[in-house]
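Here is how the chains run, residue by residue.
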Amino acid sequence: MRLRTLILAAASVAVLASPAFAQELTAITGGRVLTGTSVIENGTVVIQNGRVVSVGVMAPPATARIIDATGKVVAPGFVAVDSGLGASEVSSVGGSDDLRNGANTISASFDVSYGLDPWSFTLPVARLGGITRAIVVPNHPGGGGGGHAHDDSDFAGVGDGGYQSPSLFAGQAAIIHLAEGSDILVKPRVAMVAPFGEAGAGVAGGARGAEFVQFKETLAEVRLYARNKAAYDRAGLRDLSLSRADLEALIPVANGDMPLIVTVRRAADIQQVLRLAREEGVKIILDGAEEGWLVADQIAAAGVPVLLNPISNLPGNFETRAVRMQNAAALDAAGVLIAIKGNEGSIHRARETRYNAGNAVSHGLSYESAIEAITVNPARIFGMAGQFGELRPGAAADVVIWSGDPLEPLSLAETIFIGGAEQAPTSRQFLLRDRYADGGEGAMPPAYTR
């Protein structure tokens, strides 16, 4: 009986998230609407066919399904950046973690999108925290992307086949949505990932200067390969330090078409990474940048966005001596485009993204900038501006109705739409709670009745 209840609950989730349901004309009325870039009091949001139709102060269409949001807050779905959602269940259990690859022939070409699991237990939990999209980032020896740090400094250098081992590159990030269904991939290969600073030094052999030289040499090899593919095919080119798959994957980076997510913390390292990007003509995104406030003007002048955790405030090593909780506010004030991350890789704690945004507000970031940092800014940073993260005509209908201020921890996501499909407000944890809550027949496994 209990198993039947769980199956029926799962079926109802699938019905709510079906494409047919997403086509319904729906008007959310009377709420305080946070569009991602502005605030509309007593606003109306109209959605249909998976898209936002209109936003403003107006009467709803006569044929629309009406959802009364009076006294509530209507906001775009939040975006988890530098996340491992859908690609990792338990980071310490290798078989459930598809964020990190150790083969030296598949590094830059490692495509995290092939390991995504639409049925991951982590997705509904994040969804209940208002997360509707995520940038899934592969892990590397310096951590990030939802995993733990790994020290590979003893293995830096040339490995099997004469290739870099480990490589400077962790692989390619992907964008996902968190709606129920069998296909969560929105766009693969949206960015390359590489560690710099202390982590990058360990990969390259122990010194920061070694990594910068190796990076420049690697890009030179990529450009050499791109100009001489025919010679490479007939073995008429000198030996290169990356496999063909990795060389191909890095061509968009070398050409400045694909952004490179650079994990970097220390202000001095940030300065050198900005210099490297300038010299090599590559597009970068800073990830971490705990000491970014010290060089905020330089980051802004370079037009480089930053993914950060605003609650980082303890100097755990010499890379973060100047870490402070005003980092987000200082970068924003300087004109840097920022996106706020969740905690511990934004997997099991991705739902805390909004808490971090609230903490940033309490340390000087404006409320408007905090909302932008978890909605519209991630879309802008990853080339998806206007497509999600904002309530505007034509954008994906990722809409969340909150019981109160979404940056207030006690507020609840009462109604969630992703791509116009209403999502069941539940998770595996809730289903298990309900299964065993009343103590009735079948409430406990048979072994407990003996």
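Throughout this description, residue numbers start from 1 for each chain and increase along the sequence as written. Thresholds applied to this predicted model are a pLDDT of at least 70 for local features of residues and 80 or more for the giving and counting of side-chain atom pairs; totals over whole chains, interfaces and linings are not thresholded and use all residues. In computing side-chain properties, one takes all heavy atoms of the structure into account and sets aside hydrogens as well as water.

So, about unusual backbone geometry. At Asn-42, a residue that is not glycine, the phi angle is positive and equals roughly 50 degrees. On the secondary structure map, Asn-42 appears in strand S2 (residues 39-48). In this structure, Asn-49 is a non-glycine residue whose phi angle is positive, near 55 degrees. Each helix corresponds to a stretch of at least 4 residues labelled H or I by DSSP, and each strand to a stretch of at least 2 residues labelled E; elements are numbered beginning at the N terminus. For Asn-49, the position within the fold is in the loop between S2 and strand S3 (51-56). Judged by relative accessible area, which is 52%, Asn-49 ranks as exposed. With a 1.4 Å probe rolled over the protein chains alone, any residue whose accessible area is under 20% of its type maximum counts as buried; one over 50% counts as exposed, and the rest are partly exposed.

By the alternation rule, side chains of strand S14 (residues 399-402) split into Val-399 and Ile-401 and Val-400 and Trp-402, which are all buried. Across four bridges, the pairing between strand S5 (residues 73-76) and S14 is antiparallel. Paired with Ala-75 across the bridge in S14 is Val-400. DSSP calls a pair of strands paired once it identifies at least 2 bridges connecting them. Both S14 and strand S15 (residues 413-418) contribute to a ladder of four bridges, which runs antiparallel.

Moving on to the nonpolar core. By size, the foremost hydrophobic cluster in this structure holds 84 residues, and its most contacted members are Leu-85, Ile-284, Leu-286 and Ile-299. The criterion used for residue contact is that any of the two residues' heavy atoms lie within 4.5 Å. The residues contacting Ile-299, other than those within four sequence positions of it, are Ile-270, Leu-274, Leu-286, Gly-292, Val-304, Val-306, Leu-331 and Val-336. Residues enter a nonpolar core if they are buried and are Ala, Val, Leu, Ile, Met, Phe, Trp, Tyr or Cys, with the set joined through side-chain atoms within 4.5 Å. Ranked by size, the runner-up nonpolar core spans 20 residues in total, among them Val-79, Ala-173, Phe-382 and Ala-396.

Below, the discussion takes up the pairing of strand S7 (residues 131-136). Counting buried positions over the six residues of S7 gives six, a clear majority of the element. Bridging between strand S6 (residues 78-83) and S7 involves four bridges; their strand directions are parallel. Across the sheet, Ala-80 pairs through a bridge with Ala-134, a residue of S7. Following the backbone out of S6, through helix H3 (residues 122-128) and into the adjacent parallel S7, one traces a crossover that is right-handed. Assignment of crossover handedness uses the view with strands pointing away from the viewer, where a clockwise path from the first strand over the helix to the second indicates a right-handed crossover.

Attention now moves to the environment of Glu-41. Relative to the helices and strands, Glu-41 is located in strand S2. Setting aside chain neighbours within four positions, we find Glu-41 in contact with Gly-31, Arg-32 and Val-57. What qualifies as a polar contact is a pair of N or O atoms within 3.5 Å, subject to a donor-acceptor requirement within protein and to the restriction that residues adjacent in sequence count only when both atoms come from side chains. Within the local environment of Glu-41, its side chain forms a polar contact with the side chain of Arg-32, the two groups lying 2.8 Å apart.

By themselves, these are just geometric observations and shouldn't be taken as functional.
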